[in-house]
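Architecture at a glance
The chain contents come next:
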Amino acid sequence: MADLTVLHFTDLGEEYDRLAVLTDFVQRRKEQIAAVFFTGDFLEGNPQEGREVTANKMAQKTMEYVATEEVRAAEKTLRQFVQKHVRDGQFNPDTLGEAERKELEQLLAQQQKLIMEEVNEHKLELKNDLMGIVEDSYKRLATEFHKFPCTVFATLGNHDFTLGYEQFDPMKVVFVDKANEEGLADDEVPVIISRTGRQYIIKGDLNTWEVPPFYTNPAVKIALEDYFVNYSSGYSADFLSQAIETASDQEEKKNLVHTGGDLREYQRKQRSRLGSPAEIDIYLTHKLPHNDAGRTDIQGCVTGDITLEYSAQAKAVYGGHFHDGQVGKHSNLEKWLNEMITKSTVKETVEGVEVPVIYLDPDEPWELNPGTQYFTITEFNEQKKVEAVTVYEFVCE
């Protein structure tokens, strides 16, 4: 019998059907599952066609402020310019002549200027409205998360806002990327008590630099930038040093230097908050420390220094961000699982269903990201080591 059993899911993006499946699953197994792990994102940060997510609501509200006659006229002029230069059904600005490029730049600048004038004129009202939308979204999510019969240990993700920290009952949802921020006593550091009474210490951080494109919208940025998660958290000092050294544009170099300053301050606070890496049993973070394993599409910094440093001695590390998932050195869970299932010669019965067993290299790190298609159940033995991970797939019926 396992010493500790936990469920992990990630990147919810306001998919309430998925959340309902999970709360029901845990309710029916509440004697076995000691805790739930969630590694962001609670929210969906970009507008989605056909969905009423937070970003859609913010976009609609923003348009109420900026859709003036002057802005509409500027947008119409811009559309006419684009239509005039469509070739073979596409608009490619790289094919424009010098005079046309300057005209496009002027049209874009004029549109931006008019939008910024409206945003700045209504900044306070816009901020209150967008904050209200975000807080209402987190309150709705909190209602559902509070249905779990055990504690949820969580981090925010790059689509989230720090407003989310305040909307959950701290006795039901513990944010490990914020825990011990005020210098809590040792007995207040997040722990899970296992079946045999062992304490599993859980810590974590954000580890993300990816700003959702919609959050660069001037209205969203001006109104909510104070509540953005720390996007310096996903950088390493070496990466920024090299980027500063090779930057040719002075404005870009200036921004990188500023980010470097933010990173140093962030790392100082995190090291003070997290304490000793040696005491950590389980680590949660939005992006796994080695999220480039098996990937060739990683652009920018792979992972932050804090995540690498503090997850190194953990028995298991849980993350998300990449929706196709990862186990150890293997990304794209669906493809990898299908390949391994065809090779598996061992079967076990789980809840009355015969399933294939996949064995991993014993030296392979237990870095787990179920992606959006799966969730996992992890069983730890009495040495606090991972004994087995069962992968469940969400199926629409």
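Whatever comes next refers back to the structure up there.
Attention here is on the structure that accompanies the text. If you're wondering where the values come from, they're calculated on a predicted model, not measured in any experiment. (Residues numbered from 1 in each chain as written. Predicted model: local features only at pLDDT ≥ 70, side-chain atom pairs only at ≥ 80, totals over all residues. Heavy atoms only, no water.)

**Comments concerning the overall build of the protein chain**
Counting its regular elements, the protein chain contains ten helices and 15 strands. Over its C-alpha atoms the protein chain spans a radius of gyration of 23 Å, differing by no more than 12% from the 21 Å that the globule rule assigns to 397 residues. For the protein chain, the spread of C-alpha atoms along the principal axes amounts to about 70 × 50 × 45 Å. Across the 397 residues in the protein chain, those meeting the buried criterion constitute 48%. When contacts within the protein chain are restricted to residue pairs at least 6 apart in sequence, those whose partners lie at least 24 apart make up 73%. Of the roughly 20,600 Å² of accessible surface on the protein chain, 47% is carried by carbon and sulfur atoms. Each charge sign in the protein chain was given a centre, from 42 positive and 70 negative side chains, and these centres are 1 Å apart. (Helix = DSSP H or I, 4+ residues; strand = E, 2+ residues; numbered from the N terminus. Rg over C-alpha atoms; globule rule 2.2 N^0.38 Å. Buried < 20%, exposed > 50% of the residue type's maximum accessible area, 1.4 Å probe, protein only. Contact = heavy atoms within 4.5 Å. Areas by Shrake-Rupley, 256 points an atom, 1.4 Å probe, with all protein chains shown as cover. Lys, Arg positive; Asp, Glu negative; His and termini not counted. Charge placed at Lys NZ, Arg CZ, Asp CG, Glu CD.)

**Structural notes on empty space enclosed by the protein**
In the structure shown here, the tally under the stated rule is one cavity of 30 Å³ or more. For the largest cavity, the calculated volume is near 30 Å³. Lining the largest cavity, in full, are Val176, Ala179, Asn180, Val189, Pro190, Ile202, Lys203, Arg273 and Leu274. Sorting the residues of the lining of the largest cavity by element identifies strand 6 (199-205) and helix 8 (250-274) as the ones contributing at least two each. For the lining of the largest cavity, the residue count by class is six nonpolar, one polar and two charged. (1 Å grid on protein atoms, 1.4 Å probe; cavity = no way out; pocket = protein on both sides within 12 Å on 5 of 7 lines; lining within 4 Å. Points joined across faces, edges and corners; volume = space filled by probe spheres on them. Nonpolar A, V, L, I, M, F, W, Y, C, P; charged D, E, K, R; others polar.)

**Let's talk about the pattern of salt bridges**
Taken as a whole, this structure holds 19 salt bridges when the rule is applied. Between Lys61 and Glu64 there is a salt bridge, with its nearest N and O atoms 3.1 Å apart. Of this pair, Lys61 and Glu64 both sit in helix 2 (residues 54-66), separated by three residues, roughly a single helical turn. Using a relative accessible area of 23% as the deciding quantity, one classes Lys61 as partly exposed. In this structure, the salt-bridge partner of Glu144 is Lys147, at a minimum N-O distance of 3.0 Å. Look at the salt bridges and you will find they share partners, linking Asp3, Arg195, Arg198 and Glu382 into a network. (Salt bridge = Lys/Arg side-chain N within 4 Å of Asp/Glu carboxyl O.)

**Concerning the packing of helix 1 (residues 16-27) against helix 5 (residues 123-145)**
Orientation of helix 1 relative to helix 5, taken along the N-to-C sense of each, is 25°, at an axis distance of 10 Å. Looking at the two axes, helix 1 sits roughly parallel to helix 5. In this structure, helix 1 contributes Tyr16, Leu19 and Thr23 to the contact, and helix 5 contributes Ser137, Arg140, Leu141, Glu144 and Phe145. Split by residue class, the contact of helix 1 with helix 5 holds four nonpolar, two polar and two charged. (Axes fitted to C-alpha atoms, helices over the stretch in contact; angles between N-to-C directions. Parallel < 35°, antiparallel > 145°, perpendicular 65-115°, else oblique.)

**Some details on the side chain of Asn158**
Within the secondary structure, Asn158 sits in the loop between strand 3 (151-155) and strand 4 (173-175). Residue classification places Asn158 among the buried positions, given a relative accessible area of 4%. Polar contacts involving the side chain of Asn158 include one to the side chain of His321, which spans 3.3 Å. Residues contacting Asn158, with those up to four places away along its chain left out, are Asp41, Thr208, Glu210, Pro212, Tyr215, Val229, Tyr231, His286 and His321. (Polar contact = N/O pair within 3.5 Å; in protein donor to acceptor, adjacent residues only side chain to side chain.)

**A word on the pairing of strand 11 (residues 347-350)**
Where strand 11 lies against strand 12 (residues 353-356), four bridges are found, and the strand directions are antiparallel. In the strand pairing of strand 12, Thr349 is matched with Glu354. Linkage of strand 11 to strand 12, two consecutive antiparallel strands, is achieved through a turn of two residues, within which Glu351 is found at a positive phi near 55°. (Pairing = 2+ DSSP bridges.)

**Regarding the environment of Gly45**
As for its placement among the helices and strands, Gly45 is situated in the loop between strand 2 (35-39) and helix 2. Owing to a relative accessible area of 0%, Gly45 belongs among the buried residues under this scheme. Considered as a pair, Gly45 and Thr378 are 333 residues apart in the sequence and their alpha carbons are 29 Å apart. Discounting residues that sit within four places of it in the chain, Gly45 has contacts with Ala55, His159, Pro212, Phe214 and Tyr215.

**Structural notes on helix 1**
The end-to-end C-alpha distance of helix 1 is 16 Å, a good match for the 16 Å that twelve residues give at a rise of 1.5 Å each. Every buried residue belonging to helix 1 is among Tyr16, Arg18, Leu19, Leu22, Thr23, Phe25 and Val26, and all of these are buried. For helix 1, the secondary structure elements touched by its buried residues are strand 1 (4-9), strand 2, helix 5, strand 14 (374-380) and strand 15 (386-393). (Expected span 1.5 Å × (residues − 1).)

**Points about the packing of aromatic side chains**
As enumerated under the stated definition, the model contains 27 aromatic pairs in all. Consider the rings of Phe145 and Phe168, whose centres lie 5.9 Å apart with planes at 90°: the pair is edge-to-face. With a gap of 23 residues between them, Phe145 in helix 5 and Phe168 in the loop between strand 3 and strand 4 connect regions that are remote in the sequence. The class of Phe145 is buried, set by a relative accessible area of 1%. A relative accessible area of 6% means that Phe168 is categorised as buried. (Phe/Tyr/Trp six-rings, centres within 6.5 Å; stacked < 30°, edge-to-face > 60°.)

**Quick notes on the sheet that holds strand 14**
Pairing within the open sheet is mixed, and its six strands lie in the order 4-3-2-1-14-15. With one partner strand each, in any of the chains shown, strand 4 and strand 15 form the two edges of the open sheet. Taken pair by pair, the neighbouring strands of this sheet meet at an average axis angle of 25°, ignoring direction. Note that strand 2 and strand 3 share five bridges and pair parallel. Paired with Ala35 across the bridge in strand 3 is Thr151. Here helix 1 sits on the sheet and contacts strand 1, strand 2, strand 14 and strand 15; the angle it forms with strand 1, its principal contact strand, is near 170°.

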